[in-house]
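So the chains spell out like this:
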Amino acid sequence: MSMKRTNVYADPEDLAIIKEAAKRRGISEAEIIRQGIHLAAMANRVWDEPLFSRTFEGAGRTLSKSEVRDTVAEAVRRETGSGSGSAA
């Protein structure tokens, strides 16, 4: 993996925590910082497609607990080929 060098300013207290964590985990401080950069990059990434890009037909209202349970049980029966019975 190719990496690029960069300089950042960091709070001394954060650096002390990173130093302690690196020693405790037996990894370099740089590795912890790289992990943090990766988490920040992923948290701020803009995806090409929204998470919920598909729409599904429905009742147009929030289903009750029993309606959800019945719908899931019916889907399980269809997937498993069970003709009847109740979910335990």
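Residues numbered from 1 in each chain as written. Predicted model: local features only at pLDDT ≥ 70, side-chain atom pairs only at ≥ 80, totals over all residues. Heavy atoms only, no water.

## Points about the overall build of the chain
Logical step 1: Helix and strand counts for the chain come out as three helices and zero strands.
Logical step 2: Ordered by position from the N terminus, the helices and strands of the chain form the series α-α-α.
Logical step 3: Each of the 88 residues in the chain was classed as buried or not, and the buried ones make up 6%.
Logical step 4: Entry remark: accessible area of the chain is about 8700 Å², with carbon and sulfur atoms responsible for 55%. (Helix = DSSP H or I, 4+ residues; strand = E, 2+ residues; numbered from the N terminus. Buried < 20%, exposed > 50% of the residue type's maximum accessible area, 1.4 Å probe, protein only. Areas by Shrake-Rupley, 256 points an atom, 1.4 Å probe, with all protein chains shown as cover.)

## A short note on helix 1 (residues 12–25)
Logical step 1: Between its first and last C-alpha, helix 1 extends 20 Å over 14 residues, near the 20 Å set by a 1.5 Å rise per residue.
Logical step 2: Among the residues of helix 1, those classed as buried are Ile18, Ala21 and Ala22. Buried residues of helix 1, seen end-on, are gathered within an arc of 100° and therefore sit on one face of the element. Seen from the open side of helix 1, the exposed residues pointing more than 90 degrees away from its buried face are Pro12, Glu13, Ile17, Lys19, Glu20, Lys23 and Arg24.
Logical step 3: Structurally, helix 1 contributes buried residues whose contacts are with helix 2 (29–43).
Logical step 4: The opening residue of helix 1 is Asp11, an N-cap whose side-chain oxygen sits 2.8 Å from the backbone nitrogen of Glu13. (Expected span 1.5 Å × (residues − 1). Arc of directions from axis to C-beta. Contact = heavy atoms within 4.5 Å. Polar contact = N/O pair within 3.5 Å; in protein donor to acceptor, adjacent residues only side chain to side chain.)

## What to know about the UniProt feature "domain: Ribbon-helix-helix protein CopG" (unreviewed entry) in the chain
Logical step 1: With numbering matched to this structure, UniProt assigns "domain: Ribbon-helix-helix protein CopG" (unreviewed entry) to residues 4–37.
Logical step 2: Helix makes up 68% of residues 4–37 and strand makes up 0%, while its end C-alpha atoms are separated by 12 Å. (UniProt positions renumbered as here; feature names shortened; annotations may be inferred.)

## Comments concerning helix 3 (residues 65–80)
At 3.6 residues per turn, the α-helix brings residues three or four places apart onto the same side.
Logical step 1: End to end, helix 3 covers 22 Å across 16 residues, agreeing with the expected 22 Å (1.5 Å per residue, within 8%).
Logical step 2: Phi turns positive one or two residues past the end of helix 3, at Gly81, with a value near 80°.

## Quick look at the pattern of salt bridges
Logical step 1: Overall, the coordinates contain six salt bridges when judged by the stated rule.
Logical step 2: Here Arg77 and Glu74 are joined by a salt bridge, their closest N and O atoms 3.2 Å apart. Of this pair, Arg77 and Glu74 both sit in helix 3, three residues apart, which is roughly one turn of the helix.
Logical step 3: Accessibility expressed as a relative area gives 21% for Arg77, which makes it partly exposed.
Logical step 4: Its salt-bridge partner being Glu74, residue Arg78 comes within 3.9 Å of it at the nearest N-O pair. Note that Arg78 and Glu74 are positioned in helix 3 at a spacing of four residues, about one turn of the helix.
Logical step 5: Take Glu74: its relative accessible area is 33%, and that puts it in the partly exposed class. (Salt bridge = Lys/Arg side-chain N within 4 Å of Asp/Glu carboxyl O.)

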